[in-house]
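Coordinate analysis (summary)
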Amino acid sequence: MNKLTYTLVGDYYIPDLVLPEEKRPIGKYGRLHREFLREHRSILFQHLALTGELWTVLADLNEQALDRLDVIEKQMMEMEGVTERLKAADQMEWVRRRNNTHNQAGEIVLHELIYC
């Protein structure tokens, strides 16, 4: 069983609370989701913050979003014909298509994972 310890501050005993420490960064998608939770799901945001799970949830979500982004980009690049052959033949067209697939995949990730 967890036993709480207290520190005497003036006339009051304050519990010594320690939050679990998370070392992983929350990244771009974790920050976006944190702001979404803060603005649109405030009760869930407060619950996660008070239980010390917020940083872990955001770090996990960031990793999932990056993995999903890679998968979607690869699939879209195959469908759009973004290949090394195109890169050798017409670099500007390759860059245009590559940026297009990256932006589309980013929008999909935002709608599937971040703003839900």
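Residues numbered from 1 in each chain as written. Predicted model: local features only at pLDDT ≥ 70, side-chain atom pairs only at ≥ 80, totals over all residues. Heavy atoms only, no water.

Concerning the packing of helix α3 (residues 54-80) against helix α5 (residues 91-114)
- As a packed pair, α3 and α5 sit with axes 8 Å apart at the nearest point and diverge in direction by 140°. What the angle tells us is that α3 and α5 run oblique. For the pair α3 and α5, the crossing hand works out as right-handed. Where α3 abuts α5, its residues L61, Q64, A65, R68, L69, I72, E73, M76, M77 and E80 lie against R97, R98, T101, H102, Q104, A105, G106, I108, V109, E112, L113 and I114.
- Taken together, the residues of the contact of α3 with α5 break down into eleven nonpolar, five polar and six charged. (Axes fitted to C-alpha atoms, helices over the stretch in contact; angles between N-to-C directions. Helix = DSSP H or I, 4+ residues; strand = E, 2+ residues; numbered from the N terminus. Parallel < 35°, antiparallel > 145°, perpendicular 65-115°, else oblique. Left-handed = near helix turned anticlockwise from the far one by under 90°. Contact = heavy atoms within 4.5 Å. Nonpolar A, V, L, I, M, F, W, Y, C, P; charged D, E, K, R; others polar.)

Remarks on the environment of E21
- Mapped onto the secondary structure, E21 falls in the loop between β2 (12-15) and α1 (27-40).
- You can call E21 exposed: its relative accessible area is 66%.
- For the pair E21 and R38, spaced 17 residues apart in sequence, the C-alpha to C-alpha distance is 21 Å.
- Reaching out from E21, the side chain makes a polar contact with the side chain of K23 at a distance of 2.6 Å. (Buried < 20%, exposed > 50% of the residue type's maximum accessible area, 1.4 Å probe, protein only. Polar contact = N/O pair within 3.5 Å; in protein donor to acceptor, adjacent residues only side chain to side chain.)

Digging into the nonpolar core
- Counting ten residues, the largest nonpolar core consists of Y29, L61, A65, L69, I72, M76, A105, V109, L110 and I114.
- Listed by contribution, the elements that provide at least two residues to this core are α3 and α5.
- Examining the composition of this core, we find that five residues originate from one element, α3, more than from any other.
- Filtering out sequence-adjacent residues up to four positions away, L110 remains in contact with Y29, L32 and Y115.
- With six residues, the next largest nonpolar core counts L37, L48, L54 and L58 among its residues. (Core = buried A, V, L, I, M, F, W, Y, C linked by side-chain atoms within 4.5 Å.)

Digging into the pairing of strand β1 (residues 6-9)
- Relative to β2, β1 runs antiparallel, the two being bridged by four bridges. Bridge assignment links V9 to a residue of β2, and that residue is Y12.
- Counting the residues between successive antiparallel strands, the hairpin from β1 to β2 contains two residues, one of them, G10, with a positive phi of roughly 65°. (Pairing = 2+ DSSP bridges.)

Overview of the pattern of salt bridges
- Tallied over the full model, the rule gives ten salt bridges.
- A cluster of three or more residues bridged by salt bridges with shared partners is formed by E22, R24, D60 and E63. (Salt bridge = Lys/Arg side-chain N within 4 Å of Asp/Glu carboxyl O.)

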